[in-house]
Amino acid sequence: MHTINITGGKTLSGEIVVSGAKNSIVALMPAAVLCDEDVNIYNVPRLSDVDSLVEILEYLNVGVESKEDYMKINPTSMTNKMVPNELSKKLRASYYFMGALLGKYGHVEISFPGGCVIGARPIDLHLKGFKALGATISEEGDNIIIEANELKGTNIYLDFASVGATINLMLAAVKAKGKTIIENAAKEPEIVNVATFLNNMGARISGAGTNKIKIEGVEYLHSCFHEVIPDRIEAGTYIIIGAAVGNNLKVSNLIPEHIYSLTEKLREMGVPLEVGPDYVIVSKPDKYNPVDVQTLVFPGFVTDHQQLIASLMVLANGTSSIEETIYENRFQNLYELAKMGARIKVEGKKAYIHGPTKLVGTTVMATDLRAGAGLVIAGLLANGKTEIQNADYILRGYENIVEKLSNIGATIELI
Ligand code: UD1
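Only a predicted model underlies this, so the values are computations on that prediction, with no experimental measurement involved.

**With respect to the overall build of the protein chain**
Move 1: Along the protein chain, the regular secondary structure elements total 14 helices and 23 strands.
Move 2: In terms of overall dimensions, the protein chain is globule-like: its C-alpha atoms have a radius of gyration of 21 Å, near the 22 Å expected for 415 residues.
Move 3: Expressed along its principal axes, the backbone C-alpha trace of the protein chain runs to roughly 65 × 40 × 40 Å.
Move 4: Scored against the burial criterion, the 415 residues of the protein chain give a buried share of 58%.

Pasting the structure below:
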């Protein structure tokens, strides 16, 4: 297990370049196995979650070649085998192999997925959708077996606009017979990125990015080139760092429309921001206004950003609030923040943060990926030294975070 040590109180300036989106690449890699030739992907972030997916691909006999931000995936010699617990448990996104292998072979056997512990994270909507496409599902211990003689396009209504279910059902439907319509589909940018990837291979998907996605099944998917979109959660993390301790910090290679809910909220807090075509320049204001945040599906305020902005709310003059509507238990970071002196009250799905408070560095624990990133923000603005234990969570979703922050003047090290 790694630890990140930070000595806070430094003003940060310069430029940070945002990497490819974790939540895209973790779907694109399983999606690649649907292809009947090889695929070429650019702007691939180097993350431990990506390494875990390479392990699964290689286990399935899929060729993976990578160099810097390029990855070639060649599934032409792959074998469809049961994906065991020790591989699938490493990350939640291993569940995308369900849709991909079902779509390709009509049969998948996989152990239930792992991932960050942020409350119950059921996959009932994924399974309901697979069934609607004609699959049968059985469970043997921790393993799930999904099979179909033939997948047939149909109308699927998602009770909740789930990101994972929308992508998984696109993967299962792309080679199904006839037309599938996913109603109340999630609209997150990563879904559009996956649909574009599949369409680049010859799939016929329209409506991705709206709440109604249509998929006309095709038989063959060919080689393609594809680019991973910039990571909007990583971009938001560095923009919040700029708002906390920045002086003209430039965060570049981002898509401003993907982070609008965050930049508008930061403006409301009084943070000076310049938003360019693919960058944001951000500085720390003299004083911060308290704000209220409610997490929502895209384009609403992102649940991942909630755990990050919490660290900034500590500085506001008055009481800020966060209402978490997507996950049932995504406030664990706040208990760690309280160890650093933050004044916080959690009441069910709502948290209140009273400010302003000067945080003091101490030993804290990353309880999940974004909780850990929130503690990095807290450590940068605290007095003294912060030791973040369990930092492996952070490395799952942030490429070169220590190098990126060191380059703009932070005192930070990975042990
Ligand atoms: C994805 C992102 C995650 C982000 C989240 C919301 C990835 C790898 N992760 O997670 O970073 O925070 O979207 O934007 O892309 N649900 C069900 N049944 C289901 C599926 C989901 O009840 O079958 C519930 C979940 O428990 C959760 C909510 O729906 O409470 C949102 O889940 P979902 O949109 O599927 O998020 P993930 O794909 O898990």
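The rest of the description comes next.
**Some points on the state of the cysteines**
Move 1: Taken as a whole and judged by the stated rule, the model has 0 disulfides.
Move 2: Cys 224 supplies the cysteine sulfur nearest to Cys 35, a cysteine that is in no disulfide, at a spacing of 6.1 Å.
Move 3: Owing to a relative accessible area of 3%, Cys 224 belongs among the buried residues under this scheme.

**Details of the site of the ligand**
Move 1: Near the ligand, the surroundings consist of 20 residues, among which Asp 124, Leu 125, Ser 162, Asp 304 and Ile 326 are the closest.
Move 2: Breaking the shell around the ligand down by element, the ones donating at least two residues are α1 (22-31), α5 (124-132), α6 (163-173) and α10 (303-313).
Move 3: Classifying every residue of the shell around the ligand by side-chain character gives 10 nonpolar, 5 polar and 5 charged.

**Points about the packing of aromatic side chains**
Move 1: In total, this model carries 3 aromatic pairs according to the counting rule given.
Move 2: Aromatic pair Tyr 42 and Tyr 70: ring centres 5.0 Å apart, planes at 40°, arrangement tilted. Of this pair, Tyr 42 sits in strand β3 (residues 39-42) while Tyr 70 sits in strand β5 (residues 70-74), and the two are 28 residues apart along the sequence.
Move 3: Judged by centre distance (6.3 Å) and plane angle (15°), the ring pair of Tyr 42 and Phe 225 falls under stacked. Residue Tyr 42 is located in strand β3, and its partner Phe 225 is located in strand β13 (residues 224-227); the two are separated by 183 residues in the primary sequence.
Move 4: Residue class for Phe 225 comes out exposed when judged on its relative accessible area of 55%.
Move 5: Among the aromatic residues, ring-to-ring pairing joins Tyr 42, Tyr 70 and Phe 225 into one connected group.
Move 6: Here the guanidinium or amino end of Lys 81 rests over the ring plane of Tyr 59, the centre of that ring lying 4.1 Å away.
Move 7: Here the guanidinium or amino end of Lys 250 rests over the ring plane of Tyr 279, the centre of that ring lying 4.6 Å away.

**Things to note about the environment of Thr 210**
Move 1: Assignment of secondary structure puts Thr 210 in the loop between β11 (204-206) and β12 (212-216).
Move 2: Sequence-wise, Thr 210 and Glu 183 are 27 residues apart; in three dimensions their C-alpha atoms are separated by 9.4 Å.
Move 3: Not counting residues up to four positions away in its chain, the partners in contact with Thr 210 are Ala 185, Ala 186 and Lys 187.
Move 4: At 2.7 Å, the side chain of Thr 210 forms a polar contact with the backbone oxygen of Gly 207.
Move 5: Polar contacts involving the side chain of Thr 210 include one to the main-chain carbonyl oxygen of Lys 212, which spans 3.1 Å.

**Some details on the domain arrangement of the protein chain**
Move 1: Along its sequence, the protein chain is organised into domain 1 (4-19 + 230-414) and domain 2 (22-227).
Move 2: If you average the C-alpha positions of domain 1 and of domain 2, the two centres end up 30 Å apart.
Move 3: Taken residue by residue, the interface counts 23 residues in domain 1 and 24 residues in domain 2.
Move 4: Counting the surface domain 1 buries against domain 2, the share from its top three residues, Phe 298, Arg 396 and Glu 399, is 32%.

**Comments concerning the sheet that holds strand β10 (residues 179-183)**
Move 1: Judged by pairing direction, the sheet is mixed, and its 4 strands sit side by side in the order β9-β10-β12-β11 without closing on themselves. Each edge of the sheet is formed by a strand with only one pairing partner; in this case those strands are β9 (155-157) and β11. Each adjacent strand pair in this sheet contributes to an overall mean axis angle of 15°, direction not counted.
Move 2: In the sheet, β11 pairs with β12 via 3 bridges, with the strands oriented antiparallel. Bridge pairing in β12 places Arg 204 opposite Glu 216.

**Considerations on the sheet that holds strand β16 (residues 279-282)**
Move 1: Strands sit in the order β2-β14-β16-β15 across an open sheet of 4 strands; the sheet is mixed. Each edge of the sheet is formed by a strand with only one pairing partner; in this case those strands are β2 (12-17) and β15 (273-275). Between one strand axis and the next, the sheet turns by 10° as a mean value, whatever way the strands run.
Move 2: In terms of strand pairing, β15 meets β16 through 3 bridges, oriented antiparallel. When the sheet's bridge partners are listed, Glu 274 is paired in β16 with Ile 281.

About the criteria used
Residues numbered from 1 in each chain as written. Predicted model: local features only at pLDDT ≥ 70, side-chain atom pairs only at ≥ 80, totals over all residues. Heavy atoms only, no water. Helix = DSSP H or I, 4+ residues; strand = E, 2+ residues; numbered from the N terminus. Rg over C-alpha atoms; globule rule 2.2 N^0.38 Å. Buried < 20%, exposed > 50% of the residue type's maximum accessible area, 1.4 Å probe, protein only. Disulfide = S-S within 2.5 Å. Near = heavy atom within 4 Å. Nonpolar A, V, L, I, M, F, W, Y, C, P; charged D, E, K, R; others polar. Phe/Tyr/Trp six-rings, centres within 6.5 Å; stacked < 30°, edge-to-face > 60°. Lys NZ or Arg CZ within 6 Å of the ring centre and 35° of its normal. Contact = heavy atoms within 4.5 Å. Polar contact = N/O pair within 3.5 Å; in protein donor to acceptor, adjacent residues only side chain to side chain. Domains from an automatic or database assignment. Buried area = accessible area lost by both parts, 1.4 Å probe. Pairing = 2+ DSSP bridges. Axes fitted to C-alpha atoms, helices over the stretch in contact; angles between N-to-C directions.

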